[in-house]
Amino acid sequence: MLLVSEPILGAEEKAALVAVIDSGWVTMGDRVQEFEQAFARLHEAEDSVAVSSCTSALHLILHGLGIGPGDEVLVPSLTFVATANCVRYVGAQPVFVDIESAEVPLISLDEAEAKCTARTKAVIIVHFGGYLANRDAWQSFARRKGLLLIEDAAHAPGLPAAGTFGEAAAFSFYGNKNMTTAEGGAIIARSRSLREAIRRARSHGMTSGTRQRLDSRSPDYDVTMLGFNYRMDELRAAVGLAQLKRLPEWNDVRRRLSLHYRQLIAALCPSVMVPFADPWPSAHHLMPVLLPPGVSRQAVIDGLRKRGIQTTIHYPPVHHLTYYRENCPDSRLPRTEEFARRELTLPLHPRMTPETVELVVNSLAATLGAELSMEVTA
Ligand SMILES: *Cc1c(COP(=O)(O)O)cnc(C)c1O
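What you are looking at is a predicted structure, and each value in this text was computed from that prediction instead of being measured. (Residues numbered from 1 in each chain as written. Predicted model: local features only at pLDDT ≥ 70, side-chain atom pairs only at ≥ 80, totals over all residues. Heavy atoms only, no water.)

**Describing the environment of Gln-298**
To keep it simple, the criterion reads: What counts as a helix is a DSSP run of H or I of at least four residues, what counts as a strand is a run of E of at least two, and both are numbered from the N terminus. For each residue, the accessible area found with a 1.4 Å probe, counting protein chains only, is set against the maximum for its type, and the residue is called buried under 20%, exposed over 50%, and partly exposed in between.
Within the secondary structure, Gln-298 sits in helix α10 (residues 297–306). With a relative accessible area of 47%, Gln-298 lands in the partly exposed category. Note: C-alpha distance between Gln-298 and Thr-180 (118 residues apart in sequence) is 30 Å.

Shown next as structure tokens:
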């Protein structure tokens, strides 16, 4: 089965894990710090904070920025549920914003402006599929409205401009992302004081860590806030260091495969729409396409599965999920809903070759051809 995404883990990761086990120090040591610095360098930032997931990263950012009850936070609905959940964790209200268009399925600036109220405190933008949002436009919007600008950059590790938009950005190293530590995440925050608050909140609000107490021979610590345990361990950091070295090369393979997809789809499946113009600054996390209106997506999914190709959907809109229907009842986002009805995500990962891309597009053309001719007969 050709999967939509696959982690690439090998001899280097195995050796890195063995080295941690042999070292006798398994969490929050030198490797975590080294990983934080290496990740920051890749994004041209001063420093980064490694955490247990992108979800905990988002929670720590909102917590560190003091967002809380009574505040509203603008979020896209075309995203993973964690983007909205983190707003609920701090007791604030997510306000769902429609996408710009089917061609640019990123949170719409005009819609964000229309949904601003006196309670709006922040906006979380998502670089959907790895495709970078417009930095200048969002920065000037946030400045004009006095909003905190936050990036959910789960799809864009290794894209240097990601993480430079606003107050802070959250990255994911989950198993299906561009690089993985199995579970894991990182935060880039502009101000040192926010970074320090986030570091403290990551580990119970404690003023020192186990390692620092060992190094300083002082057993004392204080707790200055209600913190969490969102730490990254040495095993994950060691895997992350190995992955980071190859991330730029992997993202480049993704870029070339995406371009190949675009050319073949235009030639062989002209009724299929590929969002985003080429070139577009992107970490090419996903290969999303829109099926022609009226075609049964389930039939295409089944047809491709029969040919050994997995496909997925990005995303079931968050405002349609039961929890959010109950908690944010009257969002209507027609462009997001239409996009989500027709979207299909094709396999894209650096283990693929131009030949596997050809196999997918040929299979898509054959499956769609069968579907479209059935529609004509019916
Ligand atoms: C994967 C993902 C997350 C959550 O990442 P975890 O590391 O699994 O917590 C958040 N936002 C988006 C857009 C994602 O794709």
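**Looking at the sheet that holds strand β2 (residues 72–76)**
Heads up, the condition is: Whether two strands pair comes down to DSSP finding at least two bridges between them. Every axis corresponds to a line fitted to the C-alpha atoms, with the helix fit spanning only the stretch in contact, and the corresponding angles, defined between N-to-C directions, vary from 0 to 180 degrees. Contacts between residues were defined by any pair of non-hydrogen atoms, one from each residue, lying within 4.5 Å.
Read across the sheet, seven strands follow the order β1-β7-β6-β5-β4-β2-β3 without closing on themselves; strand pairing throughout is mixed. Two strands lie at the open edges of the sheet, namely β1 (49–51) and β3 (93–97), each paired on one side alone. Neighbouring strand axes in the sheet, compared pairwise and without regard to direction, differ in orientation by 25° on average. Two elements, β1 and strand β7 (residues 185–189), share three bridges in a ladder whose sense is antiparallel. Paired with Val-51 across the two strands is Gly-185, which belongs to β7. Packed onto the sheet, helix α3 (residues 54–64) meets β1, β4 (120–126), β5 (148–152), β6 (168–172) and β7 and runs at close to 165° relative to β6.

**Looking at the domain arrangement of the protein chain**
One frequently used descriptor of interface size is the decrease in accessible area upon assembly of the parts. Heads up, the condition is: All domain edges in this entry derive from an automatic or database-based domain assignment. What counts as buried area is the accessible surface, traced by a 1.4 Å probe, that two parts surrender upon association, with contributions from both included. Salt bridges are defined by distance alone: a side-chain nitrogen of Lys or Arg within 4 Å of a carboxyl oxygen of Asp or Glu. Identification of polar contacts relies on pairs of N or O atoms within 3.5 Å, with a donor-acceptor requirement for protein atoms, meaning one able to donate a hydrogen and the other able to accept it, and with residues adjacent in sequence counted only if both atoms are side-chain atoms.
Assigned domains of the protein chain: these are domain 1 (11–242) and domain 2 (246–377). Placing the centre of domain 1 and that of domain 2 at their C-alpha centroids yields a distance of 27 Å. Residue-level contacts link 41 residues of domain 1 with 35 residues of domain 2. Between domain 1 and domain 2, a total of about 3,400 Å² is buried, with carbon and sulfur atoms accounting for 62% of that surface. Linking domain 1 with domain 2 are one salt bridge. When the shortest N-O distance is used, the salt bridge between Arg-335 and Glu-111 registers 3.8 Å. Taken together, domain 1 and domain 2 are joined by 26 residue pairs in polar contact (both at pLDDT 80 or more). Residue assignment for the side of domain 1 that touches domain 2 shows that the elements contributing at least two residues are α4 (82–89) and β3. Here the side of domain 1 that touches domain 2 takes four residues from β3, the largest share from any one element.

**A look at the site of the ligand**
Stated formally: Whether a residue is near a molecule or strand is decided by its heavy atoms; if any one of them lies within 4 Å of it, the residue is near. To be clear on the numbers: accessible area is Shrake-Rupley with a 1.4 Å probe, and residue cover counts the displayed protein chains and nothing else.
Neighbouring residues of the ligand: 16 residues in total, closest Thr-55, Asp-152, His-155, Ser-172 and Lys-177. Here an oxygen atom of the ligand sits 2.5 Å away from a polar atom, N or O, in the side chain of Thr-55. With respect to the ligand, the side chain of Lys-177 contributes an N or O atom lying 3.3 Å from an oxygen atom. The fraction of the free accessible surface of the ligand (390 Å²) that becomes covered by protein chains is 92%. When contributions to the shell around the ligand are tallied by element, the ones reaching two or more residues are α3 and α4.

**Section: the nonpolar core**
Let me state the cut-off plainly: The criterion is simple. A nonpolar core is a set of buried Ala, Val, Leu, Ile, Met, Phe, Trp, Tyr and Cys residues joined through side-chain atoms within 4.5 Å.
By size, the foremost hydrophobic cluster in this structure holds 50 residues, and its most contacted members are Phe-35, Leu-74, Trp-138 and Phe-141. Counting only elements with at least two residues in this core, the list comes to α2 (30–42), β3, α5 (109–114), β4, α6 (135–145), β6, β7 and α9 (234–268). Per-element accounting of this core gives the leading share, five residues, to α9. Here this core spans two domains, since at least three of its residues come from each of domain 1 (11–242) and domain 2 (246–377). Each residue touching Phe-141, except ones within four places of it in the same chain, is listed here: Leu-74, Leu-109, Ala-112, Glu-113, Cys-116, Val-123 and Leu-147. One finds Leu-62, Val-73, Ala-92 and Leu-148 within the second-largest nonpolar core, a separate group that totals 36 residues.

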